[in-house]
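Residues per chain are reported as follows:
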Amino acid sequence: FVGKDERSRWSETGVEEREGEEIDVSAGAMTATHALAPVVSFGSAYYAVGPFFDAVQAGSDEHRVVLGPTPTWIAAPHVTEESTRKKERNESKWRREYLCEFASANEECIFSAEVVDPCVRKGIVELGPQVGCRYVAWADTGFSRNSTTLVIGTVIEQKAAIVLVREWRPSPGRPLDPASILRQWAALVRPYLIPTIVIDQWHAESLQALCVQMALRITLVVDRPTVPERLERYENVLAKFMANEVRLLDHPQLRGDLLAVRRHMQQIRLPPTADGRHADFAPPAVGLLASVAGATNRAIVEDRKREN
């Protein structure tokens, strides 16, 4: 027999559909001497595109038997829908893995207003440093066209909270001055006792060298997520929004950038706007909220220990 595990995901794990088709052909040819050898393909209800999805949609015929897609609690009656929701809080992942519903291959928003708006602290545009809080800072760099953004956050009342946001926008023909930006970063993080700022890869080495040359009391650390890690980060933060474990400032541009984020297949897309922005608050905000998740979880664990 030929067994193909996670056939629905091949196109998202480095095997392009063209190569996947060649694997199918070659694997089938290897059973030429065994006329009754079955070919078995397994897969989650991933995206509504590709040969696996097409085969499932076509259904059974005289040459093929299709089992599913079937919700887990129907295929296995001893499992309840409620128990599957406890295992997976992320709605899109739950629908894929347990409801067995193929997701649209079209672009879709990651964060909707329905999950973001309840986490906004109305009327609060900035929060100063508080005793007992450990703060972190993330930044997204862009000097000639995109904006440069800085986000500071912490854990407040067991929720991941953003307490300060800043944006610097370049003008046509007048790019931002990296040295000036670094000085302002250092001044902004100093009251929060933040020694390190996490930055994206854009001009990272140059900014690190400039920071050392200027003898600023901050260290720049480069964030280098893989494509799957980046998507997982956004989906984990979505789960935190849905669980009401996030607190945002009342900042229209921050909200707008989060709502602008799109998912296409297994990739995050930040649509550009006419004014040259690129949802520039979204990457550092999501990175920050994801980075303090562990701190949130540790706080909950410590509280439970004290209660016991």
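Scope of this entry: the structure provided in the associated data block. In this text, all values refer to a predicted model and were calculated from it rather than measured experimentally.

## Remarks on the overall build of the protein chain
Secondary structure summary: the protein chain contains twelve helices and eleven strands in total. Burial analysis of the protein chain (308 residues in total) assigns 41% to the buried set. Contacts in the protein chain between residues at least 24 apart in sequence constitute 68% of all its contacts with a sequence separation of at least 6.

## A look at the nonpolar core
Within the largest apolar cluster, 36 residues are counted, with the highest numbers of intra-cluster contacts made by Phe 111, Ile 162, Tyr 234, Phe 241, Leu 248 and Leu 289. Listing elements by their share of this core, those giving two or more residues are α6 (113-116), β4 (136-140), β5 (148-156), β6 (159-168), α9 (227-242), α10 (252-260) and α11 (282-291). Apart from residues no more than four positions distant in its own chain, Tyr 234 is found in contact with Ile 110, Phe 111, Val 261, Ile 268, Leu 270, Ala 282, Pro 283 and Val 286. One finds Tyr 135, Leu 150, Ile 181 and Leu 220 within the second-largest nonpolar core, a separate group that totals 29 residues.

## Describing the packing of α9 against α11
Between two packed helices, both the angle of their axes relative to each other and the distance between the axes serve to describe the pair. Their axes nearest at 9 Å, the elements α9 and α11 cross at an angle of 70°. Judged by the inter-axis angle, α9 sits roughly perpendicular to α11. Relative to α11, the crossing made by α9 is left-handed. For the pair α9 and α11, the contacting residues are Arg 233, Tyr 234, Val 237, Lys 240 and Phe 241 in the first and Ala 282, Pro 283, Val 286, Gly 287, Leu 289 and Ala 290 in the second. For the contact of α9 with α11, the class distribution of residues is eight nonpolar, one polar and two charged.

## Points about α10
Looking at α10, one finds that the buried residues are Leu 254, Asp 257, Leu 258 and Leu 259. Looking at the buried residues of α10, the elements they touch are β3 (108-109), α6, β6, α9, β10 (262-264) and α11.

## Focus: the pattern of salt bridges
Taken as a whole and judged by the stated rule, the model has 20 salt bridges. Notably, a salt bridge pairs Arg 277 with Glu 167, separated by 2.6 Å at the nearest N-O pair. Taken together, the positions of Arg 277 in the loop between β11 (267-269) and α11 and Glu 167 in strand β6 put the pair 110 residues apart, joining distant regions of the chain. With a relative accessible area of 4%, Arg 277 lands in the buried category. Salt bridges here are not isolated pairs; linked through shared partners, they connect Glu 81, Arg 85, Glu 91, Arg 95 and Glu 101.

## Some details on the sheet that holds β6
Taken in spatial order, the six strands line up as β8-β7-β4-β5-β6-β9 in an open sheet, and their pairing is mixed. Of all strands in the sheet, those bounded by a partner on one side alone are β8 (219-222) and β9 (246-247). Note that strand β7 (residues 196-199) and β8 share four bridges and pair parallel. From the neighbouring strand, Val 198 faces β8, where its bridge partner is Val 221. Contacts from helix α7 (residues 178-189) reach β4, β5, β6, β7 and β8 within the one sheet, and its direction differs from that of β5 by about 15°. Here helix α8 (residues 204-213) sits on the sheet and contacts β7 and β8; the angle it forms with β8, its principal contact strand, is near 165°.

Conventions we followed
Residues numbered from 1 in each chain as written. Predicted model: local features only at pLDDT ≥ 70, side-chain atom pairs only at ≥ 80, totals over all residues. Heavy atoms only, no water. Helix = DSSP H or I, 4+ residues; strand = E, 2+ residues; numbered from the N terminus. Buried < 20%, exposed > 50% of the residue type's maximum accessible area, 1.4 Å probe, protein only. Contact = heavy atoms within 4.5 Å. Core = buried A, V, L, I, M, F, W, Y, C linked by side-chain atoms within 4.5 Å. Axes fitted to C-alpha atoms, helices over the stretch in contact; angles between N-to-C directions. Parallel < 35°, antiparallel > 145°, perpendicular 65-115°, else oblique. Left-handed = near helix turned anticlockwise from the far one by under 90°. Nonpolar A, V, L, I, M, F, W, Y, C, P; charged D, E, K, R; others polar. Salt bridge = Lys/Arg side-chain N within 4 Å of Asp/Glu carboxyl O. Pairing = 2+ DSSP bridges.

Keep in mind these values describe shape, not function.
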